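Architecture at a glance
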Amino acid sequence: MGRVVEDRLLRNRVGVFRDRFDAAEKLAEFLREYGGREDALILAVPAGGVPVGYVLSKKLDLPLDKKIIFSYGLKATECFVTLPVIESVSKKYDLAYLVLPTEEKGADETAIFKALKRFKFLTVRAEAPLSLSRLYMYLHAADLLLIYKKSPNIVVSSTVALCLGSGCPIVINRSRYTETLGREVFIYRDPWELKSILERILSGKLTVDFETVSRVLEEHSPEKVARRILGSACARLASQTA
């Protein structure tokens, strides 16, 4: 027989928590006696309960009832092209797809509304500006980071550079953004390959190559990048004054 656990001091009070993540932190402390128990399971009810479930799952080392696909980028509608594939994967895995756009201005609210109405697993949350610590909280809670971008000119993905250190699997479409990327991310060429990659990551059959990720992070550390830039500048200056 189940029982309801509550803090009676919080009854009829408002403004108790800063946000859902703050609520989850306090709830995790309140429920810590259940941490690591094999007979305990977190049921995160979409959409408001899912972010709370993220934190509880990590803090209490308990399984979360949903797989989490996370997207972070300029506009929410950029990644909507992947929704049919995610819908197909959702038939095999109980999942939630959380999209955090970093740019609210010019958002196509009609397209977002239609997508939310059709795809029940989708959540779009406006949380800009997003601090790095908050972004990494999302990344640590997610099963994978899904990126979809088209760019005829830019060849460096700032999102990948920003998120790679989290250890969260990064799945990105093949484009000019991926010209300098290798095994540190999972690159897909078409919807069929995307579906295969998503299913293998969610099943645990495909995992991050942490050795490659560590090497890439080391090669692109601020110190080494600064040395390369300074070395190049000094060499150019020397050639001009010779």
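Anyway, here's the lowdown on the structure attached to this text. (Residues numbered from 1 in each chain as written. Predicted model: local features only at pLDDT ≥ 70, side-chain atom pairs only at ≥ 80, totals over all residues. Heavy atoms only, no water.)

Judged by side-chain charge, Lys91, Lys92, Lys195 and Lys205 come together as a positively charged surface patch. The residue Lys205 is located in the loop between α7 (191-202) and α8 (210-219) in this model. (Patch = residues over 30% accessible without salt bridge, like charges linked within 9 Å, V, L, I, M, F, W, Y side chains within 5 Å. Areas by Shrake-Rupley, 256 points an atom, 1.4 Å probe, with all protein chains shown as cover. Salt bridge = Lys/Arg side-chain N within 4 Å of Asp/Glu carboxyl O. Lys, Arg positive; Asp, Glu negative; His and termini not counted. Charge placed at Lys NZ, Arg CZ, Asp CG, Glu CD. Helix = DSSP H or I, 4+ residues; strand = E, 2+ residues; numbered from the N terminus.)

Scanning the entire structure with this criterion turns up four salt bridges. The salt bridge involving Arg118 is made with Glu87; its shortest N-O contact spans 3.6 Å. Separated by 31 residues along the polypeptide, Arg118 in helix α4 (residues 109-118) and Glu87 in helix α3 (residues 83-90) bring together distant segments of the chain. Note on Glu87: relative accessible area 26%, which makes it partly exposed. Put simply, Arg176 and Glu179 hold a salt bridge, and the shortest N to O gap is 3.2 Å. Here Glu179 falls in the exposed class, since its relative accessible area comes to 51%. (Buried < 20%, exposed > 50% of the residue type's maximum accessible area, 1.4 Å probe, protein only.)

This next bit is on the pairing of strand β2 (residues 95-101). Counted residue by residue, β2 has seven buried out of seven residues, so it is predominantly covered. Residues Leu95, Tyr97, Val99 and Pro101 point to one face of β2 and Ala96, Leu98 and Leu100 to the other, with burial holding for every one of them. Pairing between strand β1 (residues 67-73) and β2: seven bridges, direction parallel. By the bridge assignment for β2, Ile68 is matched with Ala96. The pairing of β2 with strand β3 (residues 122-124) spans three bridges and is classified as parallel. Note on β3: the bridge partner recorded for Tyr97 is Leu122. (Pairing = 2+ DSSP bridges.)

With that settled, the discussion passes to the packing of α3 against α7. Relative to each other, α3 and α7 sit at 40°, their axes nearing to 10 Å. Taken together, the axes of α3 and α7 are oblique relative to one another. In the crossing of α3 with α7, the sense of the turn from one axis to the other is right-handed. Residues Val85, Ile86, Ser88 and Val89 of α3 form the contact with α7, whose own contacting residues are Pro191, Leu194, Lys195, Leu198, Glu199 and Leu202. Per-class residue counts for the contact of α3 with α7 are seven nonpolar, one polar and two charged. (Axes fitted to C-alpha atoms, helices over the stretch in contact; angles between N-to-C directions. Parallel < 35°, antiparallel > 145°, perpendicular 65-115°, else oblique. Left-handed = near helix turned anticlockwise from the far one by under 90°. Contact = heavy atoms within 4.5 Å. Nonpolar A, V, L, I, M, F, W, Y, C, P; charged D, E, K, R; others polar.)

Turning our eyes to something else, we now look at the side chain of Thr178. Mapped onto the elements of the fold, Thr178 is located in the loop between β5 (170-173) and β6 (186-188). Its relative accessible area of 5% is what places Thr178 among the buried residues. Within the structure, the side chain of Thr178 is placed 2.8 Å from the backbone oxygen of Ser175, a separation counted as a polar contact. (Polar contact = N/O pair within 3.5 Å; in protein donor to acceptor, adjacent residues only side chain to side chain.)

Bringing α8 into the picture now. Looking only at α8, the buried set comprises Thr212, Val213 and Val216. For α8, the arc enclosing every buried residue in end-on projection is 100°, short of the 170-degree limit, so these residues lie on one face. (Arc of directions from axis to C-beta.)

Topologically, Glu179 is positioned in the loop between β5 and β6. Reaching out from Glu179, the side chain makes a polar contact with the side chain of Arg176 at a distance of 3.2 Å.

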